[in-house]
Amino acid sequence: MTFTPVIEQITSQCEARPAHVALVESGCSITYAELGRRVDRIAASLQRDGVRVGDSVALCATSTLEYVVAMLGVLRCGAVAVPLPTSATPQVLAGLVADCGARRVFVDAPMAVALAPLEPPLHVPLTALDDAPGVPPMSAWLARSGSSHEPVTHAADAPFNIIYSSGTTGAPKGIVHPQDLRAAQVARSAGLGYGADSVTLLATPLYSNITLTGLYPTLALGGTVVLMPKFDATEYLQLAQRWRVTQTVLVSVQYQRILAQPEFDACDLSAFELKIAVGAPSSASLKAELLQRWPGGLVDLYGLTEGGGTCMLMAHEHPNKLHTVGRPAPGHELRVVDDAGVELPAGQMGEVVGHSPIMMTGYHGLPEATRAAEWHDTQGKRFIRTGDLGRFDADGFLTLVDRKKDMIISGGFNLYPSDIEAVLAQHADVAEAAVVGVPSARWGETPVAFVVLRDGLSRDAAALLAWVNQRVGKTQRLTAVEFVDGLPRGPVGKVLKRELRERWRGGGT
């Protein structure tokens, strides 16, 4: 396959479809012609300030039209885009800016205020995407209107962006994506039906890889992207109807909240062609409800920001496989290995590893962590470890069992929290639940459950504990149930089990 950089695919659309709407956000929109002019001007400004091919430029702001334009300008001049999480503390952000060696940071007003008290301050130029106090605005920084950048070459293996992991299992690591990874994602999206008539509604943050997997392909293929700076289920439905949205990329908790809206079934969502579920595993019941109530196809996409193998469940084509995450995508290879790194046959459970055209170069500045994330087969082929435990069935569909790091070892037995969580989900009073292992003098570790009840129901922990323990194996029995108002989640909806374990340690037993 011929490699064409994603930014060149996007700028080609700016020339081919100048009057077509490229981006929509908060009632504002710009055409591809305007997008091209603004992107070129930002690229020229960065080059004027000495930013060269391969340099890093960071962005830390709410998801807006201006953010996307700035990020594309970074890519246009050959620099590496580094979207930083607005959810991080100022101290963590300062560390990430230093780690990636950013030459400039684009911010908005809230982030400018948050970063202002830093001691020592950021020794990196800031540019405001809006009217941020104390930060030079974009209008004052930009090169004169009509400025164009000096052409650059984008090599297939050159870095495209650095995406920092959530840090839920330790310090955030910079995941380096090469140019050809993003190009491969565009090709995959075209195979899923994305094209010039696509209208993609994105409601996750721009610092999340989830959002970027919908953003870049839509623009590269000439479609329209509708951005939500902050997710709201009611507003999502309004935007979906107003713009006749055809595609979306959401995490499972967002789908749940949208389906729960009283007005959902009265909404006209007939323009939808495809919904993609990513970020965290979606339950079979949620997939079934989406197929029944929401028009268009449904793809459950399983993969890591680090890349490797991706599984795709075309749920509308395989309604009897909703408990799985599907089969490996075309050109992707997934295997299952044991703790010693020995490949296992179908039906046996082990860690899932993957190889594909969509693979990170490595963790930025962390060669040892990169090596630890890799597995090589007997021919030396490089795979990325997922940290997930799973098994393939006889039809080649992958069922995920649990996160390897979340497995509980109690009295010498391996316990999988997802098995106990599945039993809890059957109780009529339980809205959602998470099971974690906590220290036990007797067993080493023992499982406890954090439970969110449905509204207005009694909080009888002892009764729920007894109900669950009657339905699980002897070694799986819970030690305790703790009711919570909500489960802690990361920006893409994953339950932060480390926070639950720390909460339990803080409370004692």
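Let us look at the structure shown here. (Residues numbered from 1 in each chain as written. Predicted model: local features only at pLDDT ≥ 70, side-chain atom pairs only at ≥ 80, totals over all residues. Heavy atoms only, no water.)

### Regarding the overall build of the chain
When helices and strands are counted, the chain shows 15 helices and 26 strands. In terms of C-alpha radius of gyration, the chain reaches 23 Å, essentially the compact-globule figure of 23 Å for 509 residues. With the principal axes as the frame, the chain shows a C-alpha extent of 70 × 50 × 50 Å. In the chain, buried positions account for 56% of the 509 residues. Summing over all exposed atoms, the chain offers an accessible surface of approximately 21,500 Å²; the carbon and sulfur share of this is 51%. The averaged location of the 51 negative side-chain charges in the chain is 2 Å from the averaged location of its 44 positive side-chain charges. (Helix = DSSP H or I, 4+ residues; strand = E, 2+ residues; numbered from the N terminus. Rg over C-alpha atoms; globule rule 2.2 N^0.38 Å. Buried < 20%, exposed > 50% of the residue type's maximum accessible area, 1.4 Å probe, protein only. Areas by Shrake-Rupley, 256 points an atom, 1.4 Å probe, with all protein chains shown as cover. Lys, Arg positive; Asp, Glu negative; His and termini not counted. Charge placed at Lys NZ, Arg CZ, Asp CG, Glu CD.)

### Quick word on the sheet that holds strand β26 (residues 480-483)
Strands sit in the order β24-β25-β26 across an open sheet of three strands; the sheet is mixed. Strand pairing shows two members of the sheet lacking a second neighbour, β24 (430-440) and β26, which therefore form its edges. Sheet twist, expressed as the mean angle between neighbouring strand axes with direction ignored, is 25°. Relative to strand β25 (residues 444-453), β24 runs antiparallel, the two sharing 10 bridges. Each residue of the ladder has a partner; that of E432, found in β25, is V452. Sheet strands touched by helix α13 (residues 417-424): β24 and β25. Its angle to β24, the strand with the most contacts, is close to 145°. Here helix α14 (residues 461-469) sits on the sheet and contacts β24, β25 and β26; the angle it forms with β26, its principal contact strand, is near 130°. (Pairing = 2+ DSSP bridges. Axes fitted to C-alpha atoms, helices over the stretch in contact; angles between N-to-C directions. Contact = heavy atoms within 4.5 Å.)

### Regarding the sheet that holds strand β11 (residues 247-251)
Note: strands within a sheet are paired through backbone hydrogen bonds, in either parallel or antiparallel orientation. A sheet is described by the order of its strands in space; here nine strands give the open sequence β2-β1-β10-β9-β11-β12-β13-β14-β15, paired in mixed fashion. Lying at the two open borders of the sheet, with one neighbouring strand each, are β2 (28-31) and β15 (327-328). Helix-sheet contacts for helix α3 (residues 65-76) involve β1 (21-25), β2 and β10 (224-227), and the interaxial angle to β1 is about 135°. Of the strands in this sheet, β9 (199-202), β10 and β11 touch helix α9 (residues 233-242), which is tilted by about 170° from β9.

### Some details on the side chain of Q179
Following the sequence through the fold, Q179 ends up in helix α7 (residues 179-191). Discounting chain neighbours no more than four positions away, the residues touching Q179 are F3, P5, H154, A155, A156, A158, P159 and F160.

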